[in-house]
Amino acid sequence: MPAAKPAVIKPSNASKLAGSLAKLGLRTDMDLVLHLPMRYIDETTVMPIRQAACLGGHMVQVEGVVTACEVQYQPRRQLIVTIADDSGQLVLRFLNFYGSQTTQLAVSTRIRARAELRQGFFGPEMVHPEYKVVNENTPLPTVLTPVYPAGEGLSQATLRREIRAAMPRINWQDTLPPSLREQFGLMGFSEAVHFLHNPPADVDEHSLEDRSHPAWHRMKFDELLAQQLSLQRAQASRRSKNAPCLDSVGTLSAAFLQTLPFSLTGAQQRVLTEIRTDIAAPYPMQRLLQGDVGCGKTIVAALAAAQAIDSAYQAVLMAPTEILADQHFRKIAAWLEPCGVSVAWLTGSLRKKQKIAARGQIESGNAQLVIGTHALLQDDVQFAKLGLVIVDEQHRFGVDQRLTLRNKGSTGLIPHQLMMSATPIPRTLAMTYYADLEISVIDELPPGRSPVMTRVIDQERRNEVIERVGAAATAGRQIYWVCPLIEESEALQLQTATDTHLMLQEALPELTIGLIHGRIKTAEKQAIMADFIAGTTQLLVATTVIEVGVDVPNASLMVIEHAERFGLSQLHQLRGRVGRGTAASVCLLLYQGPLGSTAKQRLMTMRSTTDGFEIARKDLEIRGPGEFLGARQAGQAMLRFADLNNDQWLAEQARDLAQSLLRTAPDIVTAHLLRWMNNKEEYLRV
Ligand code: ADP
Ligand code: MG
């Protein structure tokens, strides 16, 4: 039965369309309606051909009747169509075309064509114009034609149709009452949305482009308000949960502070006080401890752990790599074990028996402090009385991993959480993305450090650099040599590291040169690092495994090959491995020219500053917030309309309004979140 056929095809077409729309995040009518144009085309006027030809080089729309249509084969196959109006004639040239176009564009057809008009060999012409067939009475549109962000398998025509269809189906009620709209100078929601989909032809196009138009202003405000509302709500819900009060700064803390070979910097002291106050409270702390590489976060974390232990709870410290966990373990155990604390160690590379023993200690509560890697996240790890969770280099872990660790306390209470990161989050980002996060900043380096001097050097001068490395080693300095990043292949990366190691051994036979990379077994890695820390190894050839956290204060020279392949924050982290002692340190960034403009900007930034916040700000500028935040937000354009660089003042207004709405107007909160968040809220959890 012929009628059955479309009935079968139609749903699959519909689901294909739904699939393409979903890829753009367009699932509901409201999603469609809030899918706003990225630009517009002006099809509201046609220009006489003669006038357009005089203008030259501009995007114009003309209308005319086809006077000739033929396929030419010289110099290549192309479709040449001539149209004419009262003022003159014009050639339309199609280098790719369908056979059907020769009939569609048959002589006497009237069309409207839109493209840049140029002077061709035979007079004015348009190459590959957009065009449509019209008749003498086809009206011109009175509004600008929207161009939407589109995706694979979605044409502008389809998007326009779907969006137009969704418009009458949504609830247009304004979520903000007139009094608030007036207070913040906001256009009505419905008016703003309708305007942005179909702005009148006489609009100031510039204000649409830079999104300064009042209609855009409303969209940005609504978006920021929704974000602030949901973040603040998350914060309130956290405060309603119960955590152990780690309020005893007792004998351990005192003994520990006494044995320290240095005194805390003012900044360390300040953040320690912030943390101490937080963890003494009966609801869970969620605090990010930020501080540039080398500022001394570890000791602060250890002191917080001491307070947990003093309060008869366990603490756990998780690090993203074995090298780093191992380093923490050595350092912290050396600090705390003499004070009578039992420290356990759990990583993936432990033997089965050792793992079982470690888990037993953790479960019985015998281990007061536990240090480890991802292995801590496994199901069979359970804590007796977990009070404090510390995550080092927090951006290396996913939200769910941090949550898993937090849920390992078996007391029914939620442990406090301290996250540490040397990747500073610029203020704007912190405010909009991390509202449910207290932030402590160590903005001071321990005394006696001198900033690392950075040089950018052409890879061609590698031999000179090798000589310099030799001289430095002879003078008693220790050196890192970082091998180029080869993202496509780990095998190639290892090969390069091995080759570099060999090359350097041949070039500098008098030196003791170590090699470390991700594939070396843990025990061996520990031995290699121990040799470097002891100073037996003078030069350490490394892949990016040394990127995070590694602390060897005597190392004062770093060479990074193919620095143009690294990202800014990665370079900053790597460079942070030197300049940790009192010796003046140098970082040499070797690059292979010619440099692209982004790579050039990155290297310039590295040369001009060692300030992590400045670097992060630059990074944000070069890459944009989506990428900056990394995996967590990948694919979720959290702020689609507002722009953190320009709209901070709006974000501040939204934050304040959110605060007062949550207190006084729950109905508005619910309606606004329903419209704007529509179950995307979970992404905002830290
Ligand atoms: P990061 O913040 O990058 O994790 P670390 O905690 O590894 O930094 O500290 C960097 C180095 O500075 C370590 O060798 C540490 O022992 C040392 N350090 C930390 N605080 C002080 C201080 N107040 N005075 C002197 N040295 C310090
Ligand atoms: Mg660290």
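Since we're looking at a predicted model, the values are computed, not measured.

Draft legend 1. Summary view of the overall build of the protein chain. Secondary structure assignment for the protein chain yields 25 helices and 22 strands. Burial statistics for the protein chain: of 686 residues in total, 52% are counted as buried. Sequence-distant contacts in the protein chain: of pairs separated by 6 or more residues, those separated by 24 or more amount to 77%. Total accessible area on the protein chain is roughly 31,400 Å²; 52% of this is exposed by carbon and sulfur atoms. Here the protein chain contributes 70 positive and 70 negative side-chain charges, whose respective centroids are spaced 4 Å apart.

Draft legend 2. The site of ligand 1, seen in detail. Lining the immediate environment of ligand 1, one finds 16 residues, of which G294, K297, T298, R449 and D551 sit closest. At 2.7 Å, a side-chain N or O of R449 approaches an oxygen atom of ligand 1. R580 is positioned with one of its side-chain polar atoms (N or O) 3.0 Å from an oxygen atom of ligand 1. Taking 570 Å² as the accessible area of ligand 1 by itself, protein coverage stands at 88%. In the shell around ligand 1, the residues fall into five nonpolar, six polar and five charged.

Draft legend 3. Focus on a negative patch on the surface. Taken together, the side chains of D204, E205, E209 and D210 present a region of like negative charge at the surface. Checked against the element boundaries, E205 lands in helix 8 (residues 205-209).

Draft legend 4. Helix 10 (residues 251-259), seen in detail. Among the residues making up helix 10, those that are buried are L252, S253 and F256. An end-on view of helix 10 places all buried positions within 95° of arc, on one side of the element. Helix 10 presents T251 and Q258 as exposed residues on the side facing more than 90 degrees away from its buried surface. Its buried side turned inward, helix 10 meets helix 11 (266-279), helix 12 (297-310) and helix 13 (322-336).

Draft legend 5. Summary view of the nonpolar core. Counting residues in hydrophobic clusters, the biggest one holds 52 residues, and the most contacted among them are L196, M219, F221, L225 and L661. Of all the elements in the fold, those that place two or more residues in this core are helix 2 (29-33), helix 5 (156-166), helix 7 (189-197), helix 9 (214-239), helix 24 (648-664) and helix 25 (666-676). No other element matches helix 9, which puts eight residues into this core. Setting aside chain neighbours within four positions, we find F221 in contact with L176, F184, L186, L650, Q653, A654 and L657. Listed in part, the 39 residues of the second largest apolar core include A302, A305, I371 and L418.

Draft legend 6. Expanded view of the packing of helix 11 against helix 12. Running from N to C, helix 11 and helix 12 point in directions that differ by 30°, and their axes come no closer than 10 Å. Taken together, the axis directions place helix 11 and helix 12 in an arrangement best described as roughly parallel. Once helix 11 is placed against helix 12, the crossing between them reads as right-handed. Seen from helix 11, the contacting residues are Q268, V271, L272, I275, R276 and I279; seen from helix 12, they are I299, V300, L303, A304 and Q307. Here the contact of helix 11 with helix 12 is composed, by residue class, of eight nonpolar, two polar and one charged.

Draft legend 7. Structural context of the environment of Q72. With respect to the secondary-structure elements, Q72 resides in strand 2 (residues 59-72). The sequence separation of Q72 and L95 amounts to 23 residues, and the corresponding C-alpha distance is 10.0 Å.

Draft legend 8. Up close: the sheet that holds strand 7 (residues 123-127). Strands sit in the order 6-7-4-3-2-5-8 across an open sheet of seven strands; the sheet is mixed. Only two strands of the sheet have a single neighbouring strand rather than two, namely strand 6 (118-120) and strand 8 (130-134). The mean inter-strand angle of the sheet, taken between neighbouring strand axes irrespective of direction, is 45°. Where strand 6 lies against strand 7, three bridges are found, and the strand directions are antiparallel. Counterpart to Q119 in the pairing with strand 7 is P124.

Draft legend 9. A look at unusual backbone geometry. The residue after Q74, namely P75, is reached through a cis peptide bond having omega 0°. Inspection of the secondary structure puts P75 in the loop between strand 2 and strand 3 (78-84). Backbone torsion omega between G593 and P594 reads -5°, so that peptide bond is classified as cis. For P594, the position within the fold is in the loop between strand 22 (586-591) and helix 21 (597-608). The phi angle at S108 is positive, at roughly 85°, despite the residue not being glycine.

Draft legend 10. Looking closely at the sheet that holds strand 18 (residues 478-482). Taken in spatial order, the six strands make up an open sheet running 17-22-21-18-20-19, and their pairing is parallel. In this open sheet, the two edge strands, each paired with only one partner strand, are strand 17 (453-458) and strand 19 (513-516). For this sheet, the mean angle separating the axes of adjacent strands, direction not counted, is 20°. Pairing of strand 21 (residues 555-560) with strand 22, which is carried by four bridges, proceeds in the parallel orientation.

Draft legend 11. Summary view of the side chain of D292. For D292, the position within the fold is in the loop between strand 10 (286-291) and helix 12. No salt bridge is formed by the buried D292; its nearest oppositely charged neighbour, K297, is found at 6.9 Å. Not counting residues within four places of it along the chain, the set of residues in contact with D292 comprises K297, A422, I442, H572, T610, D611 and G612.

Draft legend 12. View of the pairing of strand 22. Counting buried residues along strand 22, six of its six residues qualify, which places the element largely inside the surrounding structure. Across the two faces of strand 22 the burial is the same, with V586, L588 and L590 and C587, L589 and Y591 all buried. Pairing of strand 17 with strand 22 involves six bridges; the strand directions are parallel. Each bridged residue has a counterpart across the sheet, and for R455 the counterpart in strand 22 is L588. In this view, the connection linking strand 21 to its parallel neighbour strand 22 by way of helix 20 (residues 568-575) has right-handed handedness.

Draft legend 13. Quick look at the environment of E363. By the secondary structure assignment, E363 is in helix 14 (residues 352-364). Residues E363 and K385 lie 22 residues apart in sequence; the distance between their C-alpha atoms is 8.4 Å. Residues in contact with E363, not counting those within four places in the same chain, are Q382 and A384.

Draft legend 14. How the structure looks around the confidence of the model for the protein chain. Overall, the predicted model of the protein chain reaches an average pLDDT of 88, with 92% of residues at or above 70. Of the regions scoring below 50 in pLDDT, residues 682-686 engages in 21 contacts with residues more than four places distant in sequence or in other chains.

Draft legend 15. Representation of the side chain of T543. Here T543 is to be found in the loop between strand 20 (539-542) and strand 21. Residue classification places T543 among the buried positions, given a relative accessible area of 4%. When near neighbours in sequence (up to four residues on either side) are disregarded, T543 contacts Q493, A497, I516, H517 and G518.

Draft legend 16. Structural detail: the packing of helix 7 against helix 9. Remark: helix 7 packs on helix 9, axes separated minimally by 8 Å, with the N-to-C direction vectors making an angle of 120°. With respect to helix 9, the axis of helix 7 lies oblique. In this structure, helix 7 crosses over helix 9, and the sense of that crossing is left-handed. Touching F189, A192, V193, F195 and L196 of helix 7 are A215, W216, R218, M219 and D222, all from helix 9. Classifying every residue of the contact of helix 7 with helix 9 by side-chain character gives eight nonpolar, no polar and two charged.

Cut-offs applied
- Residues numbered from 1 in each chain as written.
- Chains lettered and ligands numbered in written order.
- Predicted model: local features only at pLDDT ≥ 70, side-chain atom pairs only at ≥ 80, totals over all residues.
- Heavy atoms only, no water.
- Helix = DSSP H or I, 4+ residues; strand = E, 2+ residues; numbered from the N terminus.
- Buried < 20%, exposed > 50% of the residue type's maximum accessible area, 1.4 Å probe, protein only.
- Contact = heavy atoms within 4.5 Å.
- Areas by Shrake-Rupley, 256 points an atom, 1.4 Å probe, with all protein chains shown as cover.
- Lys, Arg positive; Asp, Glu negative; His and termini not counted.
- Charge placed at Lys NZ, Arg CZ, Asp CG, Glu CD.
- Near = heavy atom within 4 Å.
- Polar contact = N/O pair within 3.5 Å; in protein donor to acceptor, adjacent residues only side chain to side chain.
- Nonpolar A, V, L, I, M, F, W, Y, C, P; charged D, E, K, R; others polar.
- Patch = residues over 30% accessible without salt bridge, like charges linked within 9 Å, V, L, I, M, F, W, Y side chains within 5 Å.
- Salt bridge = Lys/Arg side-chain N within 4 Å of Asp/Glu carboxyl O.
- Arc of directions from axis to C-beta.
- Core = buried A, V, L, I, M, F, W, Y, C linked by side-chain atoms within 4.5 Å.
- Axes fitted to C-alpha atoms, helices over the stretch in contact; angles between N-to-C directions.
- Parallel < 35°, antiparallel > 145°, perpendicular 65-115°, else oblique.
- Left-handed = near helix turned anticlockwise from the far one by under 90°.
- Pairing = 2+ DSSP bridges.
- Right-handed = clockwise from strand over helix to strand, strands pointing away.
- pLDDT = per-residue confidence, 0-100.

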